[in-house]
Amino acid sequence: MGVAVLVPIAIAARSPLLAWREPIYIAAGFAGIAAMALLLIQPLLAGGYVPGLPGRTGRQVHRWLGIALVVLVLAHVGGLWVTSAPDVIDALLFASPTPFSVWGVVAMWAVFAAALLALLRRSLRLGPVAWRIGHTALAVVIVVGTVVHALLIEGAMGVVSKAAFCLVVVVVMAKIVLDLATWTVNRRRP
């Protein structure tokens with residue numbers, strides 16, 4: 001997991017594309033990369049696959065990293081807003097000429113919706129099955145949207161490392177969703 005996360009970050013940090021960028025733009029980009037790294041860790045925590053963090057402890061870390069994910073997304077979008085507010089407005093209004101913007105905005109709103117669903121779970125009186133289906137569906141939208149967003153951007157992460165990292169994120173998410181069998185009521189994880 002460490003290699004999968006650190007290699008793309010190291011490649012991005014050495015990218016010549018960052019040479020003439022403003023520090024706020026670079027920080028916003030790395031907030032996006034860090035948010036994507038959490039998309040690898042979050043499903044593993046939810047599925048109980050992180051050694052030393054089983055059950056309740058893993059879910060507690062999952063909640064804290066969910067908050068961190070929201071903060072990183074806000075930093076990513078906020079930093080881009082500071083460097084080019086018109087581009088961010090176009091993206092948020094789905095009027096941007098760049099196709100990666102749509103996917104990023106969809107993923108962003110799914111992150112906020114998943115966090116809101118988690119925050120309001122008790123108030124909404126969601127049962128375990130409804131909760132799991134709703135939260136998992138939003139997580140799938142987040143992963144797919146983020147992966148497509150990242151793959152369409154020609155940026156600092158590097159083509160091969162970014163593609164490999166995206167593949168790992170998708171495979172992990174698919175494995176966890178299948179293992180947890182979110183869409184069934186009576187099936188338990190082996």
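The structure contained in this document is the topic of the report that follows. (Residues numbered from 1 in each chain as written. Predicted model: local features only at pLDDT ≥ 70, side-chain atom pairs only at ≥ 80, totals over all residues. Heavy atoms only, no water.)

1. Overview of the packing of aromatic side chains
For any pair of aromatic rings, the description consists of the separation of the ring centres together with the inter-plane angle of the planes. Counted under the stated rule, the structure contains one aromatic pair. Look at Trp109 and Phe112: their rings are 5.6 Å apart centre to centre, the planes differ by 85°, and that puts the pair in the edge-to-face class. Linking Trp109 with Phe112, this pair stays in helix H5 (residues 99-119), spanning three residues, or about one helical turn. We classify Trp109 as partly exposed; its relative accessible area is 48%. The class of Phe112 is partly exposed, set by a relative accessible area of 22%. If you follow Arg21 out to its NZ or CZ, it ends over the ring of Tyr25, 4.2 Å from the centre. (Phe/Tyr/Trp six-rings, centres within 6.5 Å; stacked < 30°, edge-to-face > 60°. Helix = DSSP H or I, 4+ residues; strand = E, 2+ residues; numbered from the N terminus. Buried < 20%, exposed > 50% of the residue type's maximum accessible area, 1.4 Å probe, protein only. Lys NZ or Arg CZ within 6 Å of the ring centre and 35° of its normal.)

2. Here's the deal with the environment of Val7
Mapped onto the elements, Val7 comes out in helix H1 (residues 2-13). C-alpha separation for the pair Val7 and Leu116, spaced 109 residues apart in sequence, amounts to 32 Å.

3. A look at the packing of H1 against helix H8 (residues 159-180)
The description of two packed helices rests on the angle between their axes and on the distance between the axes. Axis separation between H1 and H8 bottoms out at 9 Å; the angle between their running directions is 155°. Put simply, H1 runs roughly antiparallel to H8. For the crossing formed where H1 meets H8, the hand is left-handed. When H1 is examined against H8, the residues Ala4, Val5, Pro8 and Ile11 are found in contact with a partner set consisting of Ser161, Phe165 and Val168. (Axes fitted to C-alpha atoms, helices over the stretch in contact; angles between N-to-C directions. Parallel < 35°, antiparallel > 145°, perpendicular 65-115°, else oblique. Left-handed = near helix turned anticlockwise from the far one by under 90°. Contact = heavy atoms within 4.5 Å.)

4. A word on the nonpolar core
Formed by 36 residues in total, the largest nonpolar core has its most connected members in Leu69, Phe165 and Val169. The set of elements that each furnish at least two residues to this core consists of H1, helix H2 (23-46), helix H3 (55-83), H5, helix H7 (128-152) and H8. Looking at this core, the element that brings in the most residues is H2, giving nine residues. Those residues in contact with Val169 that sit more than four places away from it in its chain are Met36, Leu39, Leu40, Val143 and Val147. (Core = buried A, V, L, I, M, F, W, Y, C linked by side-chain atoms within 4.5 Å.)

5. Quick word on the environment of Trp103
With respect to the helices and strands, Trp103 occurs in helix H5. A sequence separation of 38 residues divides Trp103 from Val141, and the C-alpha atoms of the two residues are 9.5 Å apart. Apart from residues lying up to four places away in sequence, Trp103 is in contact with Val144, Gly145, Val148, His149 and Leu152.

6. Comments concerning unusual backbone geometry
For Phe94, which is not a glycine, the phi torsion comes out positive at approximately 55°. With respect to the secondary-structure elements, Phe94 resides in the loop between helix H4 (85-92) and H5. What makes Phe94 partly exposed here is its relative accessible area of 44%. Not every positive phi belongs to a glycine, and Arg125 is a case in point at roughly 55°. Among the structural elements, Arg125 can be located in the loop between helix H6 (121-124) and H7.

7. Considering the pattern of salt bridges
One pass over the structure, following the stated rule, counts one salt bridge. Here Lys175 and Asp179 are joined by a salt bridge, their closest N and O atoms 2.6 Å apart. With Lys175 and Asp179 both in helix H8 and four residues apart, this pair spans about one turn of that helix. (Salt bridge = Lys/Arg side-chain N within 4 Å of Asp/Glu carboxyl O.)

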